[in-house]
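Each chain, written out:
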Number of protein chains: 2
Amino acid sequence: MKILGIIVEYNPFHNGHLYHLEKSKEITGADFCVGVMSGNYVQRGEPACIDKFTRAKMALSCGVDVIIELPTPFASSSAEFFAQGAIKILDSINIVTDICFGAETNNLDFLSKIADVLVNESQSFSYNLQNALCEGNSYPRARNIALEKHFKLDKFKDLLNSSNNILAIEYLKALKKMQSSITPHLIQRLHVDYNSDNIIENITSATNIRNLTKLGDFEVLKTIMPKASYDLFIDELSKNNGLRELNDFSDFLQYKLKTISKSELVNISGMNEGIENRLLRCANESYYITDILTKMKTKRYTHTALQRLILHTVIGIGKDCLDNKLYARILGFRSESKHLLKLITENSKIPVITSVNDFLKQNDFSSNLQDEIVWTDIYNLVSRNLSLRYSGQELTHGMIVM
Amino acid sequence: MKILGIIVEYNPFHNGHLYHLEKSKEITGADFCVGVMSGNYVQRGEPACIDKFTRAKMALSCGVDVIIELPTPFASSSAEFFAQGAIKILDSINIVTDICFGAETNNLDFLSKIADVLVNESQSFSYNLQNALCEGNSYPRARNIALEKHFKLDKFKDLLNSSNNILAIEYLKALKKMQSSITPHLIQRLHVDYNSDNIIENITSATNIRNLTKLGDFEVLKTIMPKASYDLFIDELSKNNGLRELNDFSDFLQYKLKTISKSELVNISGMNEGIENRLLRCANESYYITDILTKMKTKRYTHTALQRLILHTVIGIGKDCLDNKLYARILGFRSESKHLLKLITENSKIPVITSVNDFLKQNDFSSNLQDEIVWTDIYNLVSRNLSLRYSGQELTHGMIVM
């Protein structure tokens, strides 16, 4: 039996995601599809525009059989740790045979070669990388420079400036590191870029969908999202009175920076090389997170890395969170794929969690699972609908069955 | 030379305060008047409706010569510690000869006798007090019961249910404990109660003034506040787009309760006997602080005690704050009373601070002074005018000279 694994954010689920899902099933001839999905926070270092249960429903109604949550510290981390966490879950549930991911290129072989170089870092590569870092380049830029030198190629710049290529390489790296038996496949993104506002053949980027939502352009939204996903999206939007955004946390960031001790601040995930002083200074000069980010930007840090840093500060993700025990928390499954859930439960090498409440009652499981309750509480604190701000929803919200 | 000390909140300064001030000068025949005033947080456990510098200006323009800040842990504490802090400052600056305070009664002698009983607590008094506490009474109620038994009187109930009498007794207790040479005087409050919404001879309570402000009844406000005070009040209101209120901190309280550890929470000033669990539970059930307070109320805790608890949680006032070194921070003075400021500086037994910035640069002074910077930052975070929310105002705001 072929079981496909995919790694997704669905923020929110649109026609491009549907294309990727159907193409992946077609390529692999999979019987079932398991999705590992970011929870309430996504890889750009932002709150997901709508909550994870709605996004899980979207996925299930559009053809994913089981949705497993990627814990927040991984979901909101750099491409490297995002990929490591997601691949580790797919590998650990011990039933996935194939994995498909999108990329700007269709050259899996070349991406795989790059992954090899990065996994088995040679001395000369390390030297070039370190050199480029010392010259003040951001990590992604420095890595590019070192790879260009290694492969003696110029076109690297383009290849590694594409966010999905970067993620694809990280997936391949993680598979190699874990010596996973899962077979990787590449699906070339045909139509639009990650951030593009073009709409081609009813496909656009999730960024564009969020922008269209803010503009209230629902007629266009209808044409670029599957009907089931659109209906769930609109329903959630009206319940919550809008989308969640990073700036919704501006108040909390300011308050946190007044009340956190220096030693706690330095311990926040991603807080390196004195950047905490820059954060404190810029937060004193500006109120909104977007303005703080503009002020903070340096050659050394990408905008997204800084965004993650700020998110981690607000919700309190420490440096040690990525070391915690991993688990497979099921957000939802299609009732007709009950068999798959059973297979996962029987085979998984990590705990499979279908109810956070029951699991924590029965297990002394000190991990991100307990913190996820707080992270969700904070996510709900910025709901524009006051009646949705109540605490402990992580414990009371049941698993989705569709 | 006679120097009068008064202890005030001026939240905001109104005709009743002017009456008290002028009557106090008249009774004592004082040459100068020093006011110890609550800073940005007041004894009811709330943010002051407008900031301390504006309130200091009001006081100076209406006839107080020097305004010294009562540090927040004392200003936002129970009557006992509020009084202790304020009297200690007046006593320590070492030039005050007389003190006047308002009370509902005019019987200084009797209040003084009560203070004696409370300072030199007899065994039988302690026993009765403990008994009443064990029966589940709040501390003020239990103290009443024990005092009634001691004096074999019934009318205590009324006497000690009046907040200004209670404060007066605490001032007297503090003077006795410190064996202060300052002579106390009583001024009977003639017109209106603490919370009353009556207006008699152009005098009303500060509570009523805040309510009238919220209703926008400026024509009435004009008649019950001295002109200089009214003008400053209106100016500050328009800058800040309104009054600060406890509910403005609802967001921060919710966020804080999600992110604070249990051991930190238990260490908050006033957090006793497991009340932290009640706070957590009630905050889960309601969003606004006023609603949480209604839910939290028990026979054991007064509404105001709970309000202080919540304020202390939001701004982070620990149990040890009251033990810190005391100082006399001058918020402002009348230029014509420069001589008085010189006298204070020369005679004071505690540090006299005219610039927080300069003082902290020159002194290794670990005390509430450093925390006051954060408490003011948080106070400013709820300004309705975003451009006034910037940090570090404690360090940049100069002393008022009028």
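Note that the structure is predicted; figures quoted are calculated from it, not measured.

> Please explain the domain arrangement of chain A as it appears in this structure.
Often, the extent of an interface is quoted as the loss of accessible area upon association of its parts. All names here are of chain A. Here chain A is described as being made up of domain 1 (3-105 + 184-244 + 324-401) and domain 2 (247-321). Here the C-alpha centroids of domain 1 and domain 2 sit 26 Å apart. Each partner contributes residues to the interface: domain 1 has 22 residues there, and domain 2 has 14 residues. Between domain 1 and domain 2, a total of about 1400 Å² is buried, with carbon and sulfur atoms accounting for 61% of that surface.

> When you look at the environment of A:L175 in this model, what are you seeing that I'm missing?
Residues and elements named next belong to chain A. Turning to its location among the elements, L175 is positioned in helix 9 (residues 163-177). Given the relative accessible area of 5%, L175 is considered buried. Measuring from C-alpha to C-alpha, the distance between L175 and A83 comes to 9.3 Å, with 92 residues separating the pair along the chain. When neighbours within four sequence positions are excluded, L175 is seen to be in contact with I87, I99, S180, I182 and P184.

> Would you mind showing me how to read the packing of helix 13 (residues 250-259) of chain B against helix 15 (residues 275-285) of chain B here?
Angle between the axes and distance between the axes: these two values describe a pair of packed helices. All names here are of chain B. Contact geometry of helix 13 with helix 15 gives a least axis separation of 11 Å together with a crossing angle of 125°. By the criterion of interaxial angle, the relationship of helix 13 to helix 15 is oblique. For the crossing formed where helix 13 meets helix 15, the hand is left-handed. Contact residues: helix 13 offers Q254, L257 and K258, while helix 15 offers L279, L280, A283 and N284.

> How should I be thinking about the interface of chain B and chain A in this particular structure?
Taken together, the contact pairs 20 residues of chain B with 20 residues of chain A. Buried surface at the junction of chain B and chain A, both sides included, amounts to about 1900 Å², of which 65% is carbon and sulfur. Interface area lost by chain B to chain A is led by B:Y255, B:K258 and B:Y287, which between them contribute 35%. The interface formed by chain B and chain A contains two salt bridges.

> How should I be thinking about helix 15 (residues 275-285) of chain A in this particular structure?
Note: α-helices contain 3.6 residues per turn, so residues at a spacing of three or four share the same orientation. Residue and element names in this part refer to chain A. For helix 15, the full list of buried residues reads I275, E276, L279, C282 and A283. When helix 15 is viewed along its axis, its buried side chains cluster within an angular range of 130° and face the same direction. On the buried face of helix 15, the contacting elements are helix 13 (250-259), helix 14 (262-266), helix 16 (289-296) and helix 17 (303-315).

> For this particular structure, what's the right way to read helix 6 (residues 123-134) of chain B?
All names here are of chain B. Over its 12 residues, helix 6 runs 16 Å from end to end, which matches the ideal 16 Å to within 8%, given 1.5 Å per residue. Considered for burial, the residues of helix 6 that qualify are F125, N128, L129, A132 and L133. For helix 6, the arc enclosing every buried residue in end-on projection is 135°, short of the 170-degree limit, so these residues lie on one face. Relative to its buried face, helix 6 has exposed residues pointing more than 90 degrees away, namely Q123, Y127 and C134. In this fold, the buried residues of helix 6 make contact with helix 5 (108-119) and helix 7 (139-151). The positive-phi residue at the C-terminal boundary of helix 6 is G136, with phi of around 95°.

> Before we go on, may I ask you to explain the packing of helix 13 of chain A against helix 17 of chain A in this structure?
All names here are of chain A. Interhelical geometry of helix 13 versus helix 17 gives an angle of 70° and a closest axis separation of 9 Å. With respect to each other, helix 13 and helix 17 are oriented roughly perpendicular. From helix 13, F252, L253, K256 and L257 reach across to helix 17, where they touch I310, T313 and V314. Its residues placed into classes, the contact of helix 13 with helix 17 shows five nonpolar, one polar and one charged.

The rules behind these values
- Residues numbered from 1 in each chain as written.
- Chains lettered and ligands numbered in written order.
- Predicted model: local features only at pLDDT ≥ 70, side-chain atom pairs only at ≥ 80, totals over all residues.
- Heavy atoms only, no water.
- Domains from an automatic or database assignment.
- Contact = heavy atoms within 4.5 Å.
- Buried area = accessible area lost by both parts, 1.4 Å probe.
- Helix = DSSP H or I, 4+ residues; strand = E, 2+ residues; numbered from the N terminus.
- Buried < 20%, exposed > 50% of the residue type's maximum accessible area, 1.4 Å probe, protein only.
- Axes fitted to C-alpha atoms, helices over the stretch in contact; angles between N-to-C directions.
- Parallel < 35°, antiparallel > 145°, perpendicular 65-115°, else oblique.
- Left-handed = near helix turned anticlockwise from the far one by under 90°.
- Salt bridge = Lys/Arg side-chain N within 4 Å of Asp/Glu carboxyl O.
- Arc of directions from axis to C-beta.
- Expected span 1.5 Å × (residues − 1).
- Nonpolar A, V, L, I, M, F, W, Y, C, P; charged D, E, K, R; others polar.

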